[in-house]
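Read off the chains here:
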Amino acid sequence: MRSHLLNDTTAERYRRTATAAVERVADKLAATRKPFTGITPEQLAPRFDAIDLDRPLGDTTAVLDELESVYLRDAVYFHHPRYLAHLNCPVVIPAVAAEAVLSAVNSSLDTWDQSAGATLIERRLVDWTASRIGFGTAEETGADGVFTSGGSQSNLQALLLAREEAKTDDFAKLRVFASECGHFSVQKSAKLLGLSPEAVIAIPCDNDKRMRTVVLARELARCTSEGLVPMAVVATAGTTDFGSIDPLPEIAELCELYGAWMHVDAAYGCGLLASRTRRHLLDGIEHADSVTVDYHKSFFQPVSSSALLVRDGATLRHATYHAEYLNPRRTVEERIPNQVDKSLQTTRRFDALKLWMTLRTMGADGIGELFDEVCDLAGEGWRLLAADPRYDVVVQPSLSTLVFRYVPADVTGPAVIDRANLYARKALFASGDAVVAGTKVGGKHYLKFTLLNPETTLSDIAAVLDLIAGHAEQYLGESLVHAS
Ligand SMILES: *Cc1c(COP(=O)(O)O)cnc(C)c1O
């Protein structure tokens, strides 16, 4: 069994095994004709029945053959141009190569003595991201940050810092403001942080799905007059559904006025940091106290790759705990860079290597161009939808999502239209021809394209709109037959 351990004597086995796995995936990617096979859980689950985990197959080829049947054949493939559903991106090759490096070396980012150069790579990328935000580098301004498992964790940590920096430790009094289109991880975080169930105040959005700062101002004033404490305002820079960006400069002013922590959730919009043409959409982000970025969304990185950046690195001390076995207090005096002092996690993947190899191969402009392409495509898709009498489209996109619904001219009754849209999404998924998402707007069911694949074309969009209309018409035809 020792022959399975990766070490100096097994290098050749490692090469063969890893190559076999890579070849399998490469063949698969090259042969994928649809984003999904449409398999159901009921159809897939029985394939697992014959598998006895206590009886290993031993040999890589057999294991990969089995994997083909339980996973690879029916996986959902994000690289396919007609995968248009969630905030999943096709991944760039340098980052995938980095995955192979980082898991083989298996550094852990909690302490210097488990990582060495990996820690410095992460720190450089934190500095790089902070300076793109406009925080300046650690040396200039004391900005800092840490890689996290995802946007949800980054938001949680940001709100932890905000809670610790708040002007009261009476948690019942703390209030957090986010737009009604903000991410649900804000509510989850508030709960985990022991805030009251009423702590998160949803601020309504304007027609462009941006936070209405007039209402924010009114709510901040109301809370203060009631003796409550505005702990944080979460501005979303790229809402998950609409890609809308809250008015950052105005929110910054209000945060300043009320002494509230300004957090910018740029999990989706962070790709703008690399864009040469759209960076101005994030103007005002430099006033934030903290920023969430998900490189695994708009930087085309594999899951997980995310970070939390803070303007004042000293605030990260709220996540600092010392353990004698790991990061004893004296290591701080010895200036040993232990990233665990800044992180909610202990053992932690060297995800930063993916972004590092990406930037060293393609450069930031390369990433920004890819993100610009999908934003341009969303603009063209919007014009297509706006001109199509079969569809109602919600807002002109500022990033790369399109929220729309099928509304046939001759059908009245909002419930029927709702059901037709739900049906069309399900039928499309079952066909595997394309994958789209769904959401609700004003209580009605809508469909959503999240465009993150530069390989997707306007004709893909047109074709998928025809498929959706076809499924919806079929549903309406059948429901008319039932009704008569
Ligand atoms: C995706 C997303 C999150 C959550 O990020 P995860 O990486 O999925 O945890 C948070 N906020 C926004 C605006 C998002 O789009």
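Residues numbered from 1 in each chain as written. Predicted model: local features only at pLDDT ≥ 70, side-chain atom pairs only at ≥ 80, totals over all residues. Heavy atoms only, no water.

Examining the overall build of the protein
Move 1: Broken down by element type, the protein carries 15 helices and twelve strands.
Move 2: Taken over the C-alpha trace, the protein has a radius of gyration of 24 Å; the compact-globule value for 484 residues is 23 Å, and the two agree within 12%.
Move 3: Across the 484 residues of the protein, 51% fall into the buried class.
Move 4: Once local pairs closer than 6 in sequence are excluded, the contacts in the protein between residues at least 24 apart make up 73%.
Move 5: Of the charged side chains in the protein, 49 are positive and 63 negative, and the gap between their average positions amounts to 2 Å. (Helix = DSSP H or I, 4+ residues; strand = E, 2+ residues; numbered from the N terminus. Rg over C-alpha atoms; globule rule 2.2 N^0.38 Å. Buried < 20%, exposed > 50% of the residue type's maximum accessible area, 1.4 Å probe, protein only. Contact = heavy atoms within 4.5 Å. Lys, Arg positive; Asp, Glu negative; His and termini not counted. Charge placed at Lys NZ, Arg CZ, Asp CG, Glu CD.)

Some thoughts on the site of the ligand
Move 1: Surveying the vicinity of the ligand reveals 14 residues, the closest of which are G151, S152, D265, D294 and K297.
Move 2: One of the side-chain nitrogen or oxygen atoms of S152 is found 2.7 Å away from an oxygen atom of the ligand.
Move 3: Burial of the ligand by the protein amounts to 85% of the accessible area it has alone, namely 380 Å².
Move 4: Contributing elements (two or more residues each) for the shell around the ligand: α7 (151–165) and α11 (295–298).
Move 5: Ranked by residues supplied to the shell around the ligand, first place goes to α7 with three residues. (Near = heavy atom within 4 Å. Polar contact = N/O pair within 3.5 Å; in protein donor to acceptor, adjacent residues only side chain to side chain. Areas by Shrake-Rupley, 256 points an atom, 1.4 Å probe, with all protein chains shown as cover.)

As for the domain arrangement of the protein
Move 1: Entries for the protein in the domain assignment read domain 1 (2–31 + 37–75), domain 2 (108–349) and domain 3 (362–483).
Move 2: Placing a centre on the C-alpha atoms of domain 1 and another on those of domain 2 gives a separation of 38 Å. (Domains from an automatic or database assignment.)

Description of the packing of aromatic side chains
In this description, an aromatic ring pair is defined by two values, namely the gap between the centres and the angle between the planes.
Move 1: On inspection of all chains with the given rule, the structure shows ten aromatic pairs.
Move 2: In textbook terms, an aromatic cluster arises when at least three aromatic residues are bridged by ring pairs, as seen for W128, F147, Y295 and F299. (Phe/Tyr/Trp six-rings, centres within 6.5 Å; stacked < 30°, edge-to-face > 60°.)

Looking at the environment of L220
Move 1: Within the secondary structure, L220 sits in helix α9 (residues 213–225).
Move 2: For the pair L220 and Y14, spaced 206 residues apart in sequence, the C-alpha to C-alpha distance is 59 Å.
Move 3: The residues touching L220, leaving out its near neighbours within four places in the chain, are F177, P230, V233, L254 and Y258.

Regarding the pairing of strand β6 (residues 261–266)
Move 1: Judged by how many residues are buried, β6 sits mostly within the fold: six of six residues are covered.
Move 2: Because side chains alternate across β6, one face comprises the buried residues W261, H263 and D265, and the other comprises M262, V264 and A266, equally buried.
Move 3: Pairing of strand β5 (residues 229–236) with β6 involves five bridges; the strand directions are parallel. Note that in β6 the partner of A232 across the bridge is W261.
Move 4: Of the crossover connections in this fold, the one passing from β5 over helix α10 (residues 248–258) to the parallel β6 is right-handed.
Move 5: Looking at chain direction, β6 and strand β7 (residues 290–294) are connected through four bridges and run parallel. Opposite D265, over in β7, you have T292 as the bridge partner. (Pairing = 2+ DSSP bridges. Right-handed = clockwise from strand over helix to strand, strands pointing away.)

Some words on the state of the cysteines
Move 1: Overall, the coordinates contain zero disulfides when judged by the stated rule.
Move 2: With no disulfide of its own, C181 has C205 as its nearest cysteine by sulfur position, at a separation of 3.5 Å.
Move 3: No disulfide involves C223; its sulfur sits 13 Å from the nearest other cysteine sulfur, which is in C255. (Disulfide = S-S within 2.5 Å.)

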